[in-house]
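Residues per chain are reported as follows:
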Amino acid sequence: MAASRIVIENCAIATVDADDTEYASGHLVVADDRIESVGAGAAPGGLENVVRRVDGTGCLATPGLVNTHHHFYQWITRGLAADHNLFDWLTALYPTWARIDESMVRAAARGSLAMMARGGVTTSMDHHYVYPRGSGDLSGAIIGAALETGVRFTLARGSMDRGRSDGGLPPDFAVETLDGALAATEETIDAHHDPSPDAMTQIAVAPCSPFSVSTGLLREGAELARRKGVRLHTHGSETMEEEQFCKELFGMGPTDYFESTGWLGPDVWMAHCVHMNAPDIAAFARTGTGVAHCPSSNARLGAGIARVPDLLRAGVAVGLGVDGTASNESGELHTELRNALLINRLGAHRERALTVRQALRLGTYGGAQVLGRAGQIGSLETGKLADLVLWKLDTLAHASIADPVAALVLGGAAPVSLSLVGGRTVVEENRLTTVDEDDIARTTRDEAQRLARIAADG
């Protein structure tokens, strides 16, 4: 059967390929789920079975954004504990989070995914680690929401086995046993992980953090991931308090502790990585460990400024993350392009910290590297999956910025004229085509109110 083609013309293009190739006015041809051609000027003539032609005048085409760290369930606890640092924030919110159930998690996942997809995200992930007893099929609810929305997705199946009575932060009734967590994670991999290059759903092994899981869960989780051939994800070096916790409990800092448990390597990525010294960065570079940079969440919780320029110079793969919407209430990734650039310029490197093109690379190809999918997504190149976004840059918010990449990164949030995932339309004229945004808004509001009532009743 002949391939169905979509032709996009007359747009600026930032390919984010190895050479940062850009076209002031170019074309893209999508054949079924793949990019067939990309280049300057009009599309080749004589194309057969063209089902759609898009005039991209006034727009910039980029790879779809790739989100590398999130906690979807937090969508229904936004705006709480607004003036807390990480440990106080967790202590305040864990009693509420420990009462989530399948219906709440499904609604929160739909809200989180819808907000991101409408803002140009074509690949996302969710680090879900709260599995209260009797709460239902939470992993299935999250994966179902991603399939409904139409974005590529990695569920980082999280876990916690260190409750408050064992010196951890979460309530005891919100944690699993070590064996229970490992068994449930393996079941999730067997049921849902798709290892194929064009996969819509993949699974990672993701014990939550050094202060909520045992050393045994980390070690055995790493062994499980490598036996199953999936990636590993956790939080690392987010705050000074975490570093102190690790030194007091394990006699070493977070990076050394992770390496001692098998948690550094090319199949591992960690969220935040704010408080890293030169040996820590060298260890990540030596082992190929990736980083999910979450600038808005780090600022919201006062965690600090990650050393992103130093990580990049050392050769560490760095992507961007929304993080949970209880610490980044906007729930959007395209705003992280701007925030990554601005916040890193407050650090040691000042105005030389990041360029607008480096910021775009963090949100696209860098994210694809971190998720282990750079061979298929993250740049606009012939043969890659047709995950792309057409940003409208000729409105009042951007019209006087000549450089389209600068307009996208430094200007206001750009409307999404078109977003494709594997050639399938997910957003059209700044509106989701796969799900009902108004229904999602109503449902998430209702579930947030229900959770608040349950938490208030104790």
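In this text the structure is predicted, and so the values were computed from the model without any measurement. (Residues numbered from 1 in each chain as written. Predicted model: local features only at pLDDT ≥ 70, side-chain atom pairs only at ≥ 80, totals over all residues. Heavy atoms only, no water.)

1. A short note on the pattern of salt bridges
Pairs can form between side chains of opposite charge once their charged atoms are near each other. This is how it is decided: Should a side-chain nitrogen of Lys or Arg be within 4 Å of a carboxyl oxygen of Asp or Glu, the pair is scored as a salt bridge. Think of it this way: any DSSP run of H or I at least four residues long counts as a helix, any run of E at least two long counts as a strand, and we number them from the N terminus. Buried, partly exposed and exposed residues are distinguished by accessible area as a fraction of the type maximum, computed with a 1.4 Å probe on protein chains only: under 20%, between the cut-offs, and over 50%, respectively.
If you walk through the whole model with that rule in mind, you get 29 salt bridges. Here Arg357 ties to Glu22 by a salt bridge, and the two come within 2.6 Å at their closest N and O atoms. Taken as a pair, Arg357 in helix α12 (residues 356–370) and Glu22 in strand β2 (residues 22–31) lie far apart in primary sequence, 335 residues in all. For Glu22, a relative accessible area of 32% translates into the label partly exposed.

2. Focus on the pairing of strand β5 (residues 59–63)
Quick note on the threshold: Note on pairing: DSSP must find at least two bridges between two strands before they are called paired.
Where burial is concerned, most of β5 is hidden: five out of the five residues are buried. As judged from the two bridges shared by strand β1 (residues 5–14) and β5, these two strands associate in the parallel manner. Residue pairing across strands places Ile13 opposite Ala61, the latter belonging to β5.

3. So, the nonpolar core
Which entries qualify depends on this criterion: Among buried residues, those of type Ala, Val, Leu, Ile, Met, Phe, Trp, Tyr and Cys that are joined through side-chain atoms within 4.5 Å constitute a nonpolar core. Every residue pair with non-hydrogen atoms within 4.5 Å of one another is taken to be in contact.
By size, the foremost hydrophobic cluster in this structure holds 107 residues, and its most contacted members are Trp89 and Trp97. For this core, the element with the most residues is helix α2 (residues 102–118), which contributes eight residues. Residues in contact with Trp89, not counting those within four places in the same chain, are Gln74, Leu80, Ala81, His84, Trp97, Arg300, Leu301, Ala326 and Ser327. Listed in part, the 17 residues of the second largest apolar core include Ile6, Ile13, Ala61 and Ala386.

4. Let's talk about the sheet that holds strand β6 (residues 65–66)
For clarity, the cut-off: In this description, a line fitted to the C-alpha atoms serves as the axis of each element, helices being fitted only across the stretch in contact, and the angle between N-to-C directions of two axes falls anywhere from 0 to 180 degrees.
With parallel pairing, eight strands are arranged side by side in an open sheet as β6-β7-β8-β9-β10-β11-β12-β13. At either end of the open sheet lies a strand with only one pairing partner, and these are β6 and β13 (318–320). The pairing of strand β10 (residues 231–236) with strand β11 (residues 268–272) spans five bridges and is parallel. The partner of His233 across the bridge, within β11, is Trp269. Along the sheet, α12 makes contact with β6, β10, β11, β12 (290–293) and β13, crossing β13 at roughly 110 degrees.

5. Here we look at the packing of aromatic side chains
Applicable threshold: Paired rings are identified among Phe, Tyr and Trp, the last through its six-membered ring, by centres lying within 6.5 Å, and are further divided according to the angle between planes into stacked (under 30 degrees), edge-to-face (over 60) and tilted (the rest). Either the NZ atom of lysine or the CZ atom of arginine qualifies as a charge over a ring when it sits within 6 Å of the ring centre and within 35 degrees of the ring normal.
Enumeration over the complete set of coordinates arrives at nine aromatic pairs. Aromatic pair Phe250 and Tyr257: ring centres 3.8 Å apart, planes at 5 degrees, arrangement stacked. Both residues of the pair, Phe250 and Tyr257, count as buried. Among the aromatic residues, ring-to-ring pairing joins Tyr73, Trp89, Tyr94, Trp97 and Tyr129 into one connected group. Its guanidinium or amino end placed over the ring of Trp75, Arg78 lies 3.8 Å from that ring's centre, counting from NZ or CZ. Sitting above the plane of the Tyr131 ring, Arg157 keeps its charged end 3.6 Å from the centroid.

6. So, the environment of Arg110
Within the secondary structure, Arg110 sits in helix α2. Each C-alpha atom, one on Arg110 and one on Gly140, is 13 Å from the other, the two residues being 30 residues apart in sequence. Not counting chain neighbours up to four residues away, the residues in contact with Arg110 comprise Ala145, Glu148, Asp439, Ile440 and Thr443.

7. Notes on α2
Let me state the cut-off plainly: To estimate the expected span of a helix, count its residues, drop one, and scale the result by 1.5 Å. Identification of polar contacts relies on pairs of N or O atoms within 3.5 Å, with a donor-acceptor requirement for protein atoms, meaning one able to donate a hydrogen and the other able to accept it, and with residues adjacent in sequence counted only if both atoms are side-chain atoms.
A rise of 1.5 Å per residue sets the reference length of α2, with its 17 residues, at 24 Å; its end C-alpha atoms lie 24 Å apart and thus fit the reference within 8%. Burial runs high along α2: twelve of the 17 residues are buried. Listing the buried residues of α2 in full gives Met104, Val105, Ala107, Ala108, Ala109, Arg110, Gly111, Ser112, Leu113, Ala114, Met116 and Ala117. Each element contacted by the buried residues of α2 is listed here: β7 (121–128), α3 (138–149), β16 (424–428), β17 (431–432) and α14 (437–456). You can read the cap of α2 off the contacts: a side-chain oxygen lies 3.3 Å from the backbone nitrogen of Ser103, and it is on Asp101. Looking one or two places after α2, you find Gly120, whose phi comes out positive at around 95 degrees.

8. Looking at the packing of helix α11 (residues 334–344) against α12
Helix packing for two helices is described by the angle between their axes and how far apart those axes are. Note the threshold: Here roughly perpendicular refers to angles of 65 to 115 degrees, roughly parallel to angles under 35, roughly antiparallel to angles over 145, and oblique to all remaining angles. Crossing handedness is defined as follows: a turn of the near helix away from the far one that is anticlockwise and smaller than a right angle gives a left-handed crossing, while the clockwise case is right-handed. The classification used treats Ala, Val, Leu, Ile, Met, Phe, Trp, Tyr, Cys and Pro as nonpolar, Asp, Glu, Lys and Arg as charged, and all other residues, Gly among them, as polar.
Axis separation between α11 and α12 bottoms out at 9 Å; the angle between their running directions is 130 degrees. What the angle tells us is that α11 and α12 run oblique. For the element pair α11 and α12, the recorded crossing hand is right-handed. From α11, Leu337, Ala340 and Leu341 reach across to α12, where they touch Val356, Ala359, Leu360, Leu362 and Gly363. When grouped by side-chain class, the residues that make up the contact of α11 with α12 number seven nonpolar, one polar and no charged.

9. Some words on the packing of α2 against α14
Running from N to C, α2 and α14 point in directions that differ by 140 degrees, and their axes come no closer than 9 Å. In this view, α2 runs oblique relative to α14, as classed from their interaxial angle. Between α2 and α14 the crossing geometry is left-handed. Within the contact between the two elements, α2 uses Ser103, Met104, Ala107, Ala108, Arg110, Gly111, Ala114 and Arg118 and α14 uses Glu437, Asp439, Ile440, Thr443, Thr444, Glu447, Arg450, Leu451 and Ile454. Of the residues belonging to the contact of α2 with α14, the class tally is seven nonpolar, four polar and six charged.

10. A few points about the environment of Ala42
Relative to the helices and strands, Ala42 is located in the loop between β3 (34–40) and β4 (50–55). Given the relative accessible area of 57%, Ala42 is considered exposed. Sequence separation between Ala42 and Leu396 is 354 residues, and the spatial gap between their C-alpha atoms is 27 Å.

11. Details of the environment of Met240
Examined against the element boundaries, Met240 turns out to sit in helix α6 (residues 240–250). Judged by its relative accessible area of 41%, Met240 is partly exposed. Separated by 34 residues in sequence, Met240 and Val274 have C-alpha atoms that sit 8.9 Å apart.

12. Let's talk about α14
Threshold: It is the directions from the helix axis to the C-beta atoms whose arc is reported.
With 20 residues, α14 should reach 28 Å at 1.5 Å per residue; the first-to-last C-alpha distance of 29 Å fits that figure. Buried within α14 are the following residues: Glu437, Ile440, Thr444, Glu447 and Leu451. Angularly, the buried residues of α14 cover 90 degrees about the axis, an arc narrow enough to put them on a single face. Those residues of α14 that are exposed and aimed more than 90 degrees away from the buried face are Arg453 and Ala456. Where α14 is buried, its residues touch α1 (86–97), α2 and β17. For α14, the side-chain oxygen to backbone nitrogen distance between the N-cap and Asp438 is 3.0 Å, and the N-cap itself is Asp436. Backbone geometry just downstream of α14 places Gly458 in the positive-phi region, at approximately 80 degrees.

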